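If you want the building blocks of each chain, they are given just below.
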Amino acid sequence: MSDGAIAELAKRRGFFSQTAEPYGGVAGLYTYGPQGAALKDNIEAAWRELFVTREGHMEISAPDVLPGAVFEASGHLETFDDAIVECPECSGSHRADHLVEDATDLEDAEALSPERIGELIADREAGCPVCGTALADQPVEKFNLMFETNIGPGSGSPGYLRPETAQGIFVDFPQFAEYARNQLPFGVAQIGDAYRNEISPRKGLLRLRALVQAELEHFFDPDRDEPPLERVADVKLPLYAADAQRTGGGVRSLTVRAAVEEGAVEPWVAYYLGRSLEWYDEIGVDMDRFRYRQHRSEELSHYAADCWDAEAEVEGDWIELTGFAYRGSYDLEKHAAGTGEEYSVFRQYEEPVTVERPTVDPDMSELGPAFGSDAAAIAAALEELVERDPDAFDDERVVVEAGGDRHEVPVEHAGFAVEEVTESGEHVPPHVVEPSFGIDRLVYTVLAHGYSEDTVDGEERAYLAVPPAVAPTTVGVLPLMDRDGLAERARTVAEQLRAAGIAVAYDDSGSIGRRYRRQDEIGTPFCVTVDYESLEEETVTVRDRDTTAQRRIRTDGLAETLRSLRDGDRSFEEL
RNA sequence: GCGCCGGUGGUCUAGUGGUAGGACAUGAGCUUCCCAAGCUCAUAGCCCGGGUUCAAUUCCCGGCCGGCGCACCA
């Protein structure tokens, strides 16, 4: 298939086109037309069917705008800002923090301020990696890839458009845990828009500034919960591991069972790789142009401990469809720290346990007069010390550091005691595995993989071989001729099918062959044609898009037949 | 953000210092008893701004958008 054929078809047939074209268009913003919106909806519905209904998770819907504090806690404010320095000679842009890392023994220069990075570049006389020109006097600028806005009037409450839908789930985890009756494991799913102010959006739907994500956050107890691997144990995964990428190796086909047994893939991630593989196949991704690629260590996100991408080959390039990330407890711990709230689940022991716990109860009426303004800090230091080293309270005096000084405190004033405490359980910070699907890229891939050309009666034709379940329109209803009452009859049939909940296109314009081609091109899997026999004997023909074969069937039960074809309960050959 | 190339009806394109022609598609009609047939008619276009010029779609500059390469892709 030639490059650009999808974009051309997309625009001509109403799948998608650039937003605000009369104003010149905006890079990275696209609007789905009638066909595209329907295709996208169907893919989202198929996703929901698997990840919410069949897997038994809960779907939520959070707002696109979230307060700045959320992204401070999540790390996005810091790490979504890339420090860039531009070379005055060759105009190349380079990651300023990477230059510093190369020139120094620092490993995490990304965390430094732009000013500090600039100083280090000047100090180490770092040069442009392309042409060598000194960069000492060049400003270090930050590219913030989040869209910023203000919540309410004034600038006192900065807000950001979410760069991933996930944060809407993590931030209100306590609420969702409550709905889940505090029972791990449970999953929270969300389909919604995310926004990234990309420096250079490219290639149509593949790199957008406003995109649709379908994400599942599956929370579980890392010590106790195991994924139901038996459901997917025999699914064969095309794995392109990090090692293979480094050594020039290729894709290795392993069953889920084998991949987990040899430790190639984390078990929860492996479960979702297996579960998703069949789903991709069902919605029309070509399994011969599909693989799972592991992130190399250097490309892992700040939050991810391990990550595999589902990738599809489209127009010669491998593109990421989904990231399956093992995020550990990173996000929940960040939000716990950011809010002081509980982002964990209480797990009750089978039997309560009684433990001896050393405690302090500082006597402030003594410490206050004795230490003045340091007293509060000393009390806190005592509480910290008793957890760390209870033996320090064995002597008459205990030494703590507070306010920059060492203080000797009489143990009797610390209120040291060993209490018997009965604990009925403990707080477990859940781990999370996150399948994160890019819906727009899936739409594009389904179009690209479905696009086909063949020859019918010596005429070339193009058709979209997308599965009936995701096709924008399920049935085209066509009168063979626009005369002799055929059109009226066809309209009645179309109404009946619509009333039965089937997506129907009615078309009486042009020759029958032309109308079949139109439906082929937008991927309509079946056409119902009303002909002269229909008027006499209550039958119509049903035509199959991919083969152009036809069957004559009775009109009573037509809706039921088409529905079962759409839902995959029977095939056209079985008619 | 940088470099190179490009931007003419919905789509694909021809062409020009004196504002444009085709094909396909679309609509109306004729014809037509199952796969883009034919005929008639119709709708519809020079990306935006500035400059040069009597006159700019055309030449120059800038912008926007697109393709490719670089960088970026948390």
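Predicted model only: the values in this text are computed from it and were never measured.

**As for the overall build of chain A**
Then step 1. What chain A contains, in helices and strands, is 20 helices and 28 strands.
Then step 2. For chain A, the spread of C-alpha atoms along the three principal axes comes to 110 × 70 × 55 Å.
Then step 3. In chain A, the share of contacts with a sequence separation of at least 24, taken over all contacts with a separation of at least 6, comes to 63%.

**Some details on the sheet that holds strand β13 (residues 252-255)**
Either a parallel or an antiparallel arrangement is found when strands of a sheet pair, and the pairing is made through backbone hydrogen bonds.
Then step 1. Reading across the sheet, the nine strands line up as β3-β10-β11-β21-β16-β15-β14-β12-β13 and stay open at both edges, with mixed pairing between neighbours. With partners counted over all chains shown, the strands left at the sheet margins are β3 (58-59) and β13, one partner each.
Then step 2. Pairing geometry for strand β11 (residues 210-220) and strand β21 (residues 431-438), over six bridges, is antiparallel. Residue pairing in the sheet places Phe220 in a bridge with His431 of β21.
Then step 3. Running over the sheet, helix α2 (residues 34-54) touches β3, β10 (186-195), β11 and β21 and is turned about 155° from β10.

**Quick notes on the packing of α2 against helix α16 (residues 439-450)**
Then step 1. Where α2 contacts α16, the axes come no closer than 10 Å and their chain directions differ by 110°. When the axis of α2 is compared with that of α16, the two are roughly perpendicular. Crossing of α2 against α16: the hand is right-handed. The residues of α16 that touch α2, namely those facing Gly36, Leu39, Lys40, Ile43 and Glu44, are Ile439, Leu442, Val443 and Val446.
Then step 2. Of the residues in the contact of α2 with α16, the class split is six nonpolar, one polar and two charged.

**Notes on the nonpolar core**
Across soluble globular proteins, you tend to see nonpolar side chains buried next to one another.
Then step 1. Ranked by size, the top nonpolar core spans 87 residues in total, and within it Ile43, Leu237, Val269, Leu273, Val443 and Val446 carry the most contacts.
Then step 2. Take this core: its biggest share by element is nine residues, from helix α11 (residues 267-283).
Then step 3. Apart from the residues within four sequence positions on either side, Ile43 is in contact with Ile283, Ile439, Leu442, Val443, Val446 and Val470.
Then step 4. Formed by 22 residues, the second largest nonpolar core is a distinct cluster that contains Ala494, Tyr516, Phe526 and Val542.

**Digging into the packing of helix α13 (residues 364-371) against helix α14 (residues 375-388)**
Then step 1. Across the interface, α13 lies against α14 with an axial gap of 9 Å and an inter-helix angle of 130°. Considered as vectors, α13 and α14 are oriented oblique to each other. In this structure, α13 meets α14 at a crossing whose hand is right-handed. Residues Met364, Leu367, Gly368 and Phe371 of α13 lie in contact with α14, whose contacting residues are Ala375, Ile378 and Ala379.
Then step 2. Broken down by class, the residue content of the contact of α13 with α14 amounts to six nonpolar, one polar and no charged.

**As for the protein's contact with RNA strand B**
Then step 1. Close to RNA strand B lie 55 residues, the nearest being Gly24, Ala27, Pro163, Ser301 and Gly513.
Then step 2. Contributions of two or more residues to the surface near RNA strand B are made by α1 (5-13), α4 (76-79), β5 (81-86), β6 (93-95), β23 (459-464), α18 (512-521) and β27 (539-544).
Then step 3. In terms of residue count, the dominant contributor to the surface near RNA strand B is α18 (seven residues).

**With respect to the confidence of the model for chain A**
Then step 1. On average, chain A scores 87 in pLDDT, and the residues at 70 or more come to 91%.
Then step 2. Interface confidence for the predicted complex, given as ipTM, is 0.86, next to a pTM of 0.84.

**Let's talk about the pairing of β23**
Side-chain direction in a regular strand flips from residue to residue, so the side chains alternate between the two faces of the sheet.
Then step 1. Pairing geometry for strand β22 (residues 451-456) and β23, over six bridges, is antiparallel. Each residue of the ladder has a partner; that of Thr455, found in β23, is Glu460.
Then step 2. Between β22 and the antiparallel strand that follows it, β23, lie two residues; Asp457 among them carries a positive phi value of about 50°.

**Structural notes on the sheet that holds strand β8 (residues 148-150)**
Then step 1. Strand order across the open sheet formed by three strands is β4-β9-β8, with antiparallel pairing between neighbours. Each of the sheet's edge strands pairs with one partner strand only, and the pair in question is β4 (65-67) and β8. Each strand axis lies, on average, 40° off the axis of its neighbour in the sheet, ignoring direction.
Then step 2. Alignment of β4 against strand β9 (residues 158-161), held across three bridges, turns out to be antiparallel. Paired with Pro67 across the two strands is Gly159, which belongs to β9.

**What about unusual backbone geometry?**
Then step 1. For the bond running from Leu184 to Pro185, omega is -5°, close enough to zero to count as cis.
Then step 2. You can see Pro185 is positioned in the loop between α8 (173-179) and β10.
Then step 3. Here Asp457, not a glycine, exhibits a phi torsion of approximately 50°, which is positive.
Then step 4. The backbone of Thr548 sits at a positive phi, close to 60°, despite the residue not being glycine.

**Some points on the environment of Lys203**
Then step 1. Tracing the chain through its elements places Lys203 in the loop between β10 and β11.
Then step 2. In this structure Lys203 comes out as partly exposed when scored by C-beta crowding, with 15 C-beta atoms within 10 Å.
Then step 3. Residues Lys203 and Trp268, 65 residues apart in the sequence, show an inter-C-alpha distance of 33 Å.

**Focus on the pairing of β21**
Then step 1. Burial runs high along β21: eight of the eight residues are buried.
Then step 2. Side chains His431, Val433, Pro435 and Phe437 of β21 all project onto a buried face; the interleaved residues Val432, Glu434, Ser436 and Gly438 project onto the opposite face, where all are buried too.
Then step 3. As judged from the six bridges shared by strand β16 (residues 317-328) and β21, these two strands associate in the antiparallel manner. Bridging across to β21, Gly323 finds its partner in Ser436.

**Quick word on helix α20 (residues 558-566)**
Then step 1. Turning to α20, its buried residues number three or more, namely Leu558, Thr561, Leu562, Leu565 and Arg566. Buried residues along α20 cover an arc of 135° about the axis, so they all sit on one side.
Then step 2. In this structure, the buried side of α20 is in contact with β24 (475-479), α17 (486-499), β26 (526-530), β27 and β28 (550-554).
Then step 3. Phi turns positive, to about 80°, at Gly568, one or two residues after α20.

Each value, and the rule that gives it
Residues numbered from 1 in each chain as written. Chains lettered and ligands numbered in written order. Predicted model: local features only at pLDDT ≥ 70, side-chain atom pairs only at ≥ 80, totals over all residues. Helix = DSSP H or I, 4+ residues; strand = E, 2+ residues; numbered from the N terminus. Contact = placed C-beta atoms within 7 Å. Pairing = 2+ DSSP bridges. Axes fitted to C-alpha atoms, helices over the stretch in contact; angles between N-to-C directions. Parallel < 35°, antiparallel > 145°, perpendicular 65-115°, else oblique. Left-handed = near helix turned anticlockwise from the far one by under 90°. Nonpolar A, V, L, I, M, F, W, Y, C, P; charged D, E, K, R; others polar. Core = buried A, V, L, I, M, F, W, Y, C linked by C-beta atoms within 7 Å. Buried ≥ 20, exposed ≤ 12 C-beta atoms within 10 Å, placed from the backbone. Near = placed C-beta within 6 Å. pLDDT = per-residue confidence, 0-100. Arc of directions from axis to C-beta.

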